[in-house]
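# Examining the three-dimensional arrangement
Residues per chain, in single letters:
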Amino acid sequence: RCEDAERLVSEMRKAGVVPDIVTYNLLISAYSRSERLADAVRTYSLALKEGLQPTTVTFSALVAAYAAAGRTPEALEAFAQLEQQEALGLKLDTKAYCGLMAVYKEAGMAEEAERTLRRMIAAGVPPNTVAYSCLVHAFGREGRLEDATRVFEEMLSADDGGSCAPDVQAFNILMAAYGQQGLSGHVSRLFRSMLAHGLAPDVVTYNTLIQACKQAGQPRQAEQVLAHMLTHGHCRP
RNA sequence: ACGAGUAC
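Quick caveat: nothing in here was measured; it's all calculated off a predicted structure.

### Concerning the confidence of the model for chain A
Averaged over every residue, the pLDDT of chain A is 97; the share at 70 or more is 100%. Among the scores for the predicted complex, ipTM is 0.98 and pTM is 0.97.

### Structural notes on the protein's contact with RNA strand B
Near RNA strand B lie 31 residues; those nearest to it are Asn 25, Ser 60, Lys 105, Ser 133 and Asn 207. When atoms of RNA strand B within 4 Å of the protein are sorted by moiety, sugar and phosphate together comprise 38%. Within the side chain of Asn 128, one N or O atom sits 3.1 Å away from a base nitrogen of RNA strand B. Asp 167 has a polar side-chain atom sitting 3.0 Å from a base nitrogen of RNA strand B. Elements with a minimum of two residues in the surface near RNA strand B: helix H2 (21-33), helix H4 (56-68), helix H6 (94-106), helix H8 (129-141), helix H10 (168-180) and helix H12 (203-215).

### Things to note about the nonpolar core
One recurring pattern in soluble globular proteins is that nonpolar side chains are buried together. With 66 residues, the main nonpolar core has Phe 79, Leu 135, Val 136 and Phe 152 as its most contacted residues. Looking at which element gives the most residues to this core, the answer is H10, with eight residues.

### What about the environment of Ser 133?
In this fold, Ser 133 is placed in helix H8. Ser 133 gets classed as buried once you look at its relative accessible area, which sits at 8%. With 35 residues separating them along the chain, Ser 133 and Cys 98 place their C-alpha atoms 9.6 Å apart. Not counting chain neighbours up to four residues away, the residues in contact with Ser 133 comprise Met 155, Ala 170 and Ile 173. Among the polar contacts made by the side chain of Ser 133, one reaches the main-chain carbonyl oxygen of Thr 129 at a distance of 2.7 Å.

### Here's the deal with helix H7 (residues 110-122)
For H7, which comprises 13 residues, the first-to-last C-alpha distance of 18 Å matches the rise-based estimate of 18 Å (1.5 Å per residue) to within 8%. Turning to H7, its buried residues number three or more, namely Ala 110, Ala 113, Glu 114, Thr 116, Leu 117 and Met 120. All buried residues of H7 fall inside an arc of 155° around its axis, so they share one side. Elements that come into contact with the buried residues of H7 comprise H6, H8 and helix H9 (145-157). Positive phi shows up at Gly 124, right after H7, with a value of about 85°.

Cut-offs used in this document
- Residues numbered from 1 in each chain as written.
- Chains lettered and ligands numbered in written order.
- Predicted model: local features only at pLDDT ≥ 70, side-chain atom pairs only at ≥ 80, totals over all residues.
- Heavy atoms only, no water.
- pLDDT = per-residue confidence, 0-100.
- Near = heavy atom within 4 Å.
- Polar contact = N/O pair within 3.5 Å; in protein donor to acceptor, adjacent residues only side chain to side chain.
- Helix = DSSP H or I, 4+ residues; strand = E, 2+ residues; numbered from the N terminus.
- Core = buried A, V, L, I, M, F, W, Y, C linked by side-chain atoms within 4.5 Å.
- Buried < 20%, exposed > 50% of the residue type's maximum accessible area, 1.4 Å probe, protein only.
- Contact = heavy atoms within 4.5 Å.
- Expected span 1.5 Å × (residues − 1).
- Arc of directions from axis to C-beta.

Below, the structure written as structure tokens:
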């Protein structure tokens, strides 16, 4: 699919259509998803050489490309470049900050992820469910369940029209965190809370529940989860 | 139009 994109771009050129920054952003993102960091970076340089002005999306895509390759320092550097460009009119938006938080999450730097969230809010950039979920996950990964729960509760009590309210994925993230510690009781409590919030569990929810049963050494409970999925679930195993 | 968060 990267190859298809490349072919398309070269056909564009032959047809006299000049690629713009969005074209390059798309390529960078496609390479990133294919874990082709070198190609992503080369494409970024190419865009600069073409005299194109990188956008917030360009840098976000670059950050994601470095992060996908596990290159934390370079990812942070790419975000720093975006911040430099703030003086030149680029805006740090919610997705850009979330990308940075994801880098910290992957790197096991939950404190930095939280600092980023607070900084975003202080800067007047509206946080959302993704930003909070990312932080919950960052703490969860480090086994810091109290912090993960504290952040999750902040999502529940956030009074901003629901833009930070936990969705299915947010519940899944916290459930997985508890499940990894073998705390299946907390996991099923969260599951009930999820239903009470009117959210429909998805396959990942059920997989997470079953994994939690496994982790806690409760094979019978796992069967009950499967039964629940088959009878009440709006999804298939 | 393009970029961000889950289970195995």
